[in-house]
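Geometric and topological summary
Now for the letters of each chain:
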Amino acid sequence: MDRIYLCLAHMSGEEQKYIKEAFDTNWVVPLGPNVNAFEDDLARFVGGDDGAEPCAKEIVALSSGTAAVHLGLVMLGVEKGDEVICQSFTFAASANPIVYQGATPVFVDSEPDTYNIDPQLLEEAIKDRIAKTGKKPKAIIPVYLYGMPARIDEIMEIANRYEIPVLEDAAEGFGSKYRGQVCGTFGTYGALSFNGNKMITTSGGGALICPDADSKKRVMFYATQAREAYPYYQHEKIGYNYRMSNICAGIGRGQMTVAEEHIRHHQWAHDRYVELLSGVEDVTVHTSPESYMESNYWLTTIRFNDSKHTMEGELLELVDKLSAANIETRPLWKPMHKQPVYKDAPAYVNGVSEQMFSQGLCLPSGPYVGEEEIEYIVKNIIKSL
Ligand SMILES: *Cc1c(COP(=O)(O)O)cnc(C)c1O
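Residues numbered from 1 in each chain as written. Predicted model: local features only at pLDDT ≥ 70, side-chain atom pairs only at ≥ 80, totals over all residues. Heavy atoms only, no water.

Moving on to the sheet that holds strand β5 (residues 167–169). Backbone-to-backbone hydrogen bonds join strands into a sheet, with any given pair of strands oriented parallel or antiparallel. Strand order across the open sheet formed by four strands is β1-β9-β8-β5, with mixed pairing between neighbours. Two strands in the sheet have a free side with no partner beyond their single neighbour: β1 (58–62) and β5. Pairs of neighbouring strands in the sheet enclose a mean axial angle of 20°, with direction left out of account. Bridge analysis of β5 against strand β8 (residues 189–193) gives three bridges, and the strand direction is parallel. Residue pairing in the sheet places Leu167 in a bridge with Tyr189 of β8. (Pairing = 2+ DSSP bridges. Helix = DSSP H or I, 4+ residues; strand = E, 2+ residues; numbered from the N terminus. Axes fitted to C-alpha atoms, helices over the stretch in contact; angles between N-to-C directions.)

Another aspect to go through is the nonpolar core. In terms of nonpolar packing, the biggest core is built from 60 residues, with Phe38, Ile85, Tyr146, Phe174 and Phe194 touching the most fellow members. When sequence neighbours within four positions are dropped, the list of residues in contact with Phe194 reads Phe38, Leu42, Phe174, Ile200, Thr201, Thr202, Ser203, Gly204, Gly205, Gly206, Ala207 and Met244. Among the nonpolar cores identified, the runner-up in size contains 34 residues, and Ala103, Ala191, Phe221 and Ala226 belong to it. (Core = buried A, V, L, I, M, F, W, Y, C linked by side-chain atoms within 4.5 Å. Buried < 20%, exposed > 50% of the residue type's maximum accessible area, 1.4 Å probe, protein only. Contact = heavy atoms within 4.5 Å.)

The sheet built from four strands is open, its strands ordered β4-β2-β3-β13 with parallel pairing. Two strands close off the open sheet at either side, each with one partner strand: β4 (139–141) and β13 (347–348). One ladder, built from two bridges, connects strand β3 (residues 104–108) with β13; its direction is parallel. If you follow Phe107 over to β13, its bridge partner there is Ala347.

Okay, unusual backbone geometry next. Excluding glycine, a negative phi dihedral is what most residues carry, and trans is how most peptide bonds are arranged. Phi angles above zero are rare outside glycine, and Arg179 is one such case at about 45°. For Arg179, the position within the fold is in the loop between β6 (177–178) and β7 (181–182). A positive phi angle is found at Asn326, which is not glycine, with a value near 70°. Residue position: Asn326 is located in the loop between α10 (315–324) and β13.

With respect to spatial proximity, 15 residues lie near the ligand, and among them Thr66, Asp169, Glu172, Ser193 and Lys198 are the closest. Between Thr66 and the ligand, the recorded distance is 2.5 Å, taken from a side-chain N or O atom to an oxygen atom. In the environment of the ligand, an oxygen atom lies 2.8 Å from a nitrogen or oxygen atom belonging to the side chain of Asn195. Residue composition of the shell around the ligand, by class: four nonpolar, eight polar and three charged. (Near = heavy atom within 4 Å. Polar contact = N/O pair within 3.5 Å; in protein donor to acceptor, adjacent residues only side chain to side chain. Nonpolar A, V, L, I, M, F, W, Y, C, P; charged D, E, K, R; others polar.)

On to the side chain of Thr300, then. Looking at where Thr300 falls in the secondary structure, it is placed in strand β12 (residues 300–304). Exposure remark for Thr300: the relative accessible area of 0% places this residue in the buried category.

So, on to helix α8 (residues 246–256). The element α8 is extensively covered by neighbouring structure, given that eleven of its eleven residues are classed as buried. Looking at where α8 begins, the residue whose side-chain oxygen comes 2.9 Å from the main-chain nitrogen of Ile247 is Ser245.

The subject of this paragraph is a nonpolar patch on the surface. Taken together, the side chains of Tyr5, Leu8 and Tyr368 define a hydrophobic patch exposed on the protein surface, amounting to about 300 Å² of accessible area. Residue placement: Leu8 occurs in the segment before α1 (15–24). (Patch = residues over 30% accessible without salt bridge, like charges linked within 9 Å, V, L, I, M, F, W, Y side chains within 5 Å. Areas by Shrake-Rupley, 256 points an atom, 1.4 Å probe, with all protein chains shown as cover. Salt bridge = Lys/Arg side-chain N within 4 Å of Asp/Glu carboxyl O.)

Counted by the stated rule, this structure contains 13 aromatic pairs. Ring centres of Phe107 and Tyr342 lie 5.1 Å apart, and the angle between their planes is 70°; this geometry places the pair in the edge-to-face category. Pair noted here: Phe107 is in strand β3 and Tyr342 is in the loop between α10 and β13, with a separation of 235 residues, a long-range link. Considered together, Phe107 and Tyr342 belong to a single accessibility category, that of buried residues. (Phe/Tyr/Trp six-rings, centres within 6.5 Å; stacked < 30°, edge-to-face > 60°.)

This model, assessed by the stated rule, comprises 20 salt bridges. A salt bridge links Asp24 to Lys20, with the nearest nitrogen and oxygen atoms 2.8 Å apart. Of this pair, Asp24 and Lys20 both sit in helix α1, four residues apart, which is roughly one turn of the helix. For Asp24, a relative accessible area of 54% gives the class exposed. Given a relative accessible area of 51%, Lys20 falls into the exposed group.

Structure follows, in structure tokens:
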């Protein structure tokens, strides 16, 4: 058996056509026809054309998902001295841009059903920050961990009540849906990632989902060094070089032709894991808690219910054992409030993310993981128990 990876980039075959077009027309720059067309594809995709309420959004293609989170914060006016609430159970790229802005992240733990930000704890954190600092957090960043929708209705209700804008980190939730609406379109801004291991890839890249044409224009301004409209280089704001290359966008256009197929494959892989692991008492496959939450299942994750397979016990030995059998697995994200770099950040915790980090494992789920691979992986997990 060849090595089975968590999620490898998988091409449709169309990508090279768009790249060739870019070379043939010498659009080898961070703007151009592929960038515009990829943004149109994405706008249609997140707009939802499956009978649900259409959701008109504008898209700006960027150099990474991290850049998208960063520009979302810039657009929301986050600056030095501000606090931003961020889901603790996530990849560091959700939180680092808060620090780029000189602001302080305030971490909030997850609820056990979705692994995403706990709405009740979110409200407690908001109240406590207002009591302690005399001002409201400037933004809220929920995350769609491993593709699972967050309880976004509850989150938006709280955010709206306190009039705090929401920036959704949908980097892992590309195409996941909540009540039929695509994740990343509920808040003021939504960040997507097209890194090599994500649901679709542009080799490296991301996008910011914007509420309207004006904000799109503003995001593009900041993404291209904040050049003012003068015949010479005039700068009145700090800008960034965050625009997506026309070559990368060509890959993105090719990937969009198979995006739905990729999502269906990841969902199929999850269902197979559920079936094959259903009789195994000590293993729970993380599954959407509500029928109206449609996860893309970017990665299927499992949790061990025995006391042996924990971070303190033999979980990492199991990772090594599976690796020796040519299976790549990985512990779940280590919560931000447990990261040394964020040890001084305020945190509102309930033990959920720490427990999941201790007991959980990500399983291979990408387009190269078929029936034979899943059976082999499950057999090896059962063998190790
Ligand atoms: C991948 C990821 C990002 C960052 O995306 P890049 O394109 O790698 O910069 C942000 N947040 C989460 C939760 C991610 O998984």
